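Here's the letter readout for the chains.
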Amino acid sequence: MEDDVIIRTQLFHNQVRECIICALLFTTLYILSYLVITRFKKNAEFATDNIEDATVNRITLWMCTFTLAVSAGAVFLLPFSIISNEILLSLPENYYMQWLNGSLLHGLWNLVFLFSNISLVFLMPFAYFFTESEGFAGSRKGVMARVYETFVVLFLLTLLVLGIVWVASAIIDNDAASRESLYDLWDYYLPYLYSCISLFGVLLLLLCTPFGLSRMFTVTGQLLVKPRLLEDLEEQLNCTRFEEAAIVHKLNGKLSSCWVFFSVESLKNQFLSIHARRLKLEMRRRASPWQRNLGYPLVMLLLLALTGISVLLVGFHVFELLIDETAMPKGMQDPPLGKDSLSMFGSLGAAVEVVLIFYLMVSSVVGFYSSPLFIKLAPRKQDTTMTKIIGNCVSLLVLSSALPVFSRTLGITNFDLLGNFGRFDWLGNFYIIFLYNMLFAGLTAMCLVKKFTRAIQAELLHAFGLDRLPLPVSRSSISAQMGWANSKRLS
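The sections below set out a description of the structure shown in this document. This structure is a prediction, so every number in the text was calculated from the model and none was measured. (Residues numbered from 1 in each chain as written. Predicted model: local features only at pLDDT ≥ 70, side-chain atom pairs only at ≥ 80, totals over all residues. Heavy atoms only, no water.)

**Notes on the overall build of the chain**
Next up, step 1: Looking only at helices and strands, the chain features 14 helices and two strands.
Next up, step 2: In the chain, which comprises 491 residues, the share counted as buried stands at 39%.
Next up, step 3: A separation of at least 24 residues holds for 81% of the contacts in the chain among residues at least 6 apart in sequence. (Helix = DSSP H or I, 4+ residues; strand = E, 2+ residues; numbered from the N terminus. Buried < 20%, exposed > 50% of the residue type's maximum accessible area, 1.4 Å probe, protein only. Contact = heavy atoms within 4.5 Å.)

Given below as structure tokens:
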């Protein structure tokens, strides 16, 4: 009897400890997410004189912050699990590391899965319709009227989605068991819906990550100072200053008659671009030789090494899929933490896996915002509307919630998926997994080859000054310019 009381007391303390740890982790992520959103949100929407709109925007901001915190939790989920396994493997008897256990990790994976469902199915649709609502016609104005309208629209949308799923199930799998399973909303419908969303996120990562891996070199090159190779920086800076002074002279009203057809707006845009180029050249001139000649090559070599390791791991995983069935991604209910290392290279290999997971996530975000379809969705500092913030939060949640499945599918890590993340039906299909790995390796190689061939060509042209040569002018372009000038003169 006494032993039973001791065991129940220990279980109670373990549950309380896990709840406290989860609450602390989520609170930290929530605060960081709030700081990120307040950096990009449009302050004019919160400083309005309309108290109703300000309240609606504030509630929407809280929902977006919650969703962004869940997205960050999904990103840290797999790296935290890998690091926990290596810590318990290195310090198995350490008293201060006993809080890292399988129960805690399983609870974190289940919470992220639950909060992801809540955010995608309820919070983000509610936030969007709540922002766009005005209340029913003839009803009393106020926040509650907008809440009622939002709930009605959400209810109708839910009925529409359920009806579409019911019809699709009747067409694809016309049996009583499949239709009866739709009645089980919690155990079947929501996991099935999240499985479809996760599949969409994995496919989106397949398209964005290879493009982002090639774009990472360009983005990093814009943030760092490039070395001087066969170029005179002082000459470029003087030319830029002369161009900037000439445009300022024109904007001050001292224009000759030949400039009457040029718009002032185009001159302002040209001035801003030249001014930005001058600031970049001055930054390059002030940079130290170590930063200019050592920092840039090292960072580029690091990016190249991470990209090469990622492609090699995917290629090795393709070979494993052909000879070993255990290479297929699968779920795991009771993770054996602290027993074996997840990498054949030990803790060093596990650290490389963690770095690669973060690198692939950053690359996917860069590729997502660099794609022509989503480039307009990119947030701007202090100039992002709430509708755009909602769209960004949904996009980041779809990408981040698919990251554990994406990393395990490509063989970046051998840590099996926990909780409901491993219950997706398509994970057991060999042809889908094999084709996915082959497409990722092929798209990444194609994007990198295209990127480096263009970059080398551009750098050679820039180094030898060939990019400043006058381009051949066709007669069609001359006639078009003359026709435009004549039309402006007649008007």
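**Observations regarding helix α2 (residues 51–90)**
Next up, step 1: Counted at 1.5 Å a residue, the expected span for α2 with its 40 residues is 58 Å, and the 56 Å between its end C-alpha atoms agrees.
Next up, step 2: Maximum bend of α2: about 35°, positioned at Phe76, with proline Pro79 one to four residues after it. (Expected span 1.5 Å × (residues − 1). Bend = angle between axes of the 7 residues up to and from the residue.)

**Overview of the packing of aromatic side chains**
Next up, step 1: Under the definition given, this model contains 16 aromatic pairs.
Next up, step 2: Ring geometry for Phe126 versus Phe130: centroids 5.3 Å apart, planes at 25°, classification stacked. Taken together, the residues span about one helical turn, with Phe126 and Phe130 both in helix α3 (residues 102–132) at a distance of four residues. An identical accessibility class is assigned to Phe126 and Phe130; each is buried.
Next up, step 3: Between Phe126 and Phe151 the ring centres are 5.4 Å apart and the planes differ by 55°, which places this aromatic pair in the tilted class. Separated by 25 residues along the polypeptide, Phe126 in helix α3 and Phe151 in helix α4 (residues 143–172) bring together distant segments of the chain.
Next up, step 4: Among the aromatic residues, those joined into a ring-pair cluster are Phe26, Tyr30, Phe66 and Phe115. (Phe/Tyr/Trp six-rings, centres within 6.5 Å; stacked < 30°, edge-to-face > 60°.)

Read these as geometric descriptors, not functional statements.
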